[in-house]
Structure formats: C-alpha cells, structure tokens
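# Geometric and topological summary
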Amino acid sequence: QVQLVESGGGLVQAGGSLRLSCAASGRTFSSYAMGWFRQAPGKEREFVARITWNYGRTNYADFVKGRFAISRDNAKNTVSLQMNSLKPEDTAVYYCAADESAGGLGRRVHEYEYWGQGTQVTVSS
C-alpha cells in the first residue's frame, strides 16, 4: 500500500523559506509522477508543482515559478519542495500526491491516486 508522509511545515515570516519533504513507501515509484498541492481555508485544492521520478521533469504553477523548486531523491524515495520568498498568500495545508501514470501535466487533483495527510504552512506578514 502506498504511503506518503509530508514533513517540514511550520510558521515563517514573509520573505522566509521552508523545505517540505514527502517520504514515499509501499511501491516502486520509478514510473510515477509526484506532485505538491495546497489548500487554503475556504478554497479549492490547487496545483503547486510536479516532478517525474524517472526523468525528473518538472512543471510549476505560475504563482510559484522562480520561488519554489521541486526535487526528488530516488535513493531515499523522497520528494522535496523548497519554498523561498514566501508570502502570506502561500499559507495553506500542503499535500504530497502520487500519480501512477505520470501522463499529462498533472495539474488536476483527480490525476493523482495517492495523497499524504498534509502539512501546514503559515506565512506571517
């Protein structure tokens, strides 16, 4: 059974940085794509970033380009999201997700079969 466990969330001041990690287990992920989504109170879950395990291809939501970077460590089965220049509007619960097929851009929630429990990121002004 696939398990995704996020860590690294917390409280940070605007302009600061956080690094989120997602530990994946229960499957061989070489053919998967991994994504990060976020959900703020009263809002829909939205795409943040994605990476494929095999080739490391990435894509990002426009609102994080140049500030966030997604990476993976194949040996540790870990996907990370480095978040810099954080803004109060980045405040949300951040979720790690796994897409078995790795097809498409992977910007939609329904493209992912497995989800972590989420980690809270709060950016104060």
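Quick note: structure is the one above.
So, a few notes on the structure that sits alongside this text. (Residues numbered from 1 in each chain as written. Predicted model: local features only at pLDDT ≥ 70, side-chain atom pairs only at ≥ 80, totals over all residues. Heavy atoms only, no water.)

### Some words on the pairing of strand β9 (residues 92-99)
Of all 8 residues in β9, 7 are buried; the element is thus mostly enclosed. Both strand β4 (residues 33-39) and β9 contribute to a ladder of 7 bridges, which runs antiparallel. Pairing of Trp 36 across the sheet is with Cys 96, part of β9. In the sheet, β9 pairs with strand β11 (residues 119-124) via 3 bridges, with the strands oriented antiparallel. Paired with Val 93 across the two strands is Gln 120, which belongs to β11. In this structure, β9 lies alongside strand β10 (residues 114-115), joined through 2 bridges in antiparallel fashion. When the bridges of β10 are listed, Ala 98 appears paired with Tyr 114. (Buried < 20%, exposed > 50% of the residue type's maximum accessible area, 1.4 Å probe, protein only. Helix = DSSP H or I, 4+ residues; strand = E, 2+ residues; numbered from the N terminus. Pairing = 2+ DSSP bridges.)

### Looking at the sheet that holds strand β1 (residues 3-7)
Across the sheet, which stays open at both edges, the 4 strands sit in the order β1-β3-β8-β7 with antiparallel pairing between neighbours. Only two strands of the sheet have a single neighbouring strand rather than two, namely β1 and β7 (68-73). Averaged over all neighbouring strand pairs, the angle between strand axes comes to 15°, with direction disregarded. Relative to strand β8 (residues 78-83), strand β3 (residues 18-25) is paired through 6 bridges, and the arrangement is antiparallel. Counterpart to Ser 21 in the pairing with β8 is Ser 80. (Axes fitted to C-alpha atoms, helices over the stretch in contact; angles between N-to-C directions.)

### Let's talk about the side chain of Arg 67
Following the sequence through the fold, Arg 67 ends up in the loop between β6 (58-60) and β7. Classification of Arg 67 by relative accessible area gives buried; the value is 10%. A distance of 2.7 Å separates a polar atom in the side chain of Arg 67 from a polar atom in the side chain of Asp 90. Leave out the neighbours within four places in its chain, and Arg 67 touches Gln 82, Met 83, Asn 84, Ser 85, Leu 86, Lys 87 and Asp 90. (Polar contact = N/O pair within 3.5 Å; in protein donor to acceptor, adjacent residues only side chain to side chain. Contact = heavy atoms within 4.5 Å.)

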